[in-house]
Amino acid sequence: MKGRWIAAAGIAVVAAAASPAIAGAQDSAQVPAHAQADARFLRDMIGHHAQALEMTALVPTRASRDDVRLMAERIEVSQRSEIARMQQWLRVRGLPVPEVDAHHAHAPSAGEHAGHAAANPHAGMPGMATPEEMARLAAASGAAFDALFLELMIRHHEGALVMVEELFGTPGGGQDSEMYAIASEVDADQRMEIDRMRAMQQGPLGGARPR
């Protein structure tokens, strides 16, 4: 009787030890399937957003308008948040996760911009600024910078809208509920910011004064 109890206990111990592995297998089975279009969209959009962060990094030392500074801050906060959400979507599914390169965290010189952009695999995406345009932006200041920043960022945002449209136009693309929410958020944010930046092109908003 005692021997049977020990044997039963041993089985229980083995089962308990195996339970984490079983649970892990169950968790893996519960990871939702993804479309290749979704993963490609996220990787591309992370690179697309990264260039917008390069542009906003130039604003504090070059812009002359308060409303341009405030818009750049808003873009930076929203796009960093979206990048983190996109990276998490990929990470949870065990897919490659692009990182925002270290050079996106500071305001590089015109030469640095040209060099990085030349090696940028996302350079051909809709709305992306060319190396020459990034160099012009990095070299500008004051009212000239404000005008060029708005021009390039509006086009950049319009490119993101094209990418969202292409995703939803791809069979199977954007069908995952979380993926749909991410792409819809990108679309809504870009449209709102485009409208505001177009209004800003007519002059400072909200009493903001050129410096």
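Before any of the text, the structure's been laid out above.
In this report, we go over the structure that sits alongside the text. (Residues numbered from 1 in each chain as written. Predicted model: local features only at pLDDT ≥ 70, side-chain atom pairs only at ≥ 80, totals over all residues. Heavy atoms only, no water.)

1. What about the pattern of salt bridges?
Thinking step 1. By the definition in use, this model includes 10 salt bridges.
Thinking step 2. One network of salt bridges, in which partners are shared, links Arg93, Asp176 and Glu178. (Salt bridge = Lys/Arg side-chain N within 4 Å of Asp/Glu carboxyl O.)

2. Looking at the nonpolar core
Thinking step 1. Met55, Val59, Leu137, Phe145, Phe149, Met153 and Met197 are the most contacted members of the largest nonpolar core, which totals 25 residues.
Thinking step 2. Elements with a contribution of two residues or more to this core: helix 2 (36-62), helix 3 (66-92), helix 5 (131-139), helix 6 (142-168) and helix 7 (177-200).
Thinking step 3. When residues of this core are assigned to their parent elements, the largest contribution, 8 residues, is made by helix 6.
Thinking step 4. If sequence neighbours within four positions are ignored, Leu137 has contacts with Met55, Leu58, Arg62, Phe145, Leu148, Phe149 and Leu152.
Thinking step 5. Grouped together as the second largest cluster of nonpolar side chains are 22 residues, Phe41, Leu42, Met86 and Val164 included. (Core = buried A, V, L, I, M, F, W, Y, C linked by side-chain atoms within 4.5 Å. Buried < 20%, exposed > 50% of the residue type's maximum accessible area, 1.4 Å probe, protein only. Helix = DSSP H or I, 4+ residues; strand = E, 2+ residues; numbered from the N terminus. Contact = heavy atoms within 4.5 Å.)

3. Describing the packing of aromatic side chains
Thinking step 1. As enumerated under the stated definition, the model contains 2 aromatic pairs in all.
Thinking step 2. Each ring, one from Phe145 and one from Phe149, has its centre 5.9 Å from the other, and the planes form 20°; the classification is stacked. A residue pair is termed a helical-turn pair when its members lie 3 or 4 positions apart in one helix, as Phe145 and Phe149 do in helix 6 at 4 residues. For the pair formed by Phe145 and Phe149, the shared burial category is buried.
Thinking step 3. When the ring of Phe168 is compared with that of Tyr180, the centres are 5.5 Å apart and the planes differ by 50°; the resulting orientation is tilted. Separated by 12 residues along the polypeptide, Phe168 in helix 6 and Tyr180 in helix 7 bring together distant segments of the chain.
Thinking step 4. Judged by relative accessible area, Tyr180 falls into the partly exposed class, the value being 47%. (Phe/Tyr/Trp six-rings, centres within 6.5 Å; stacked < 30°, edge-to-face > 60°.)

Shape is all these values report; function is a separate question.
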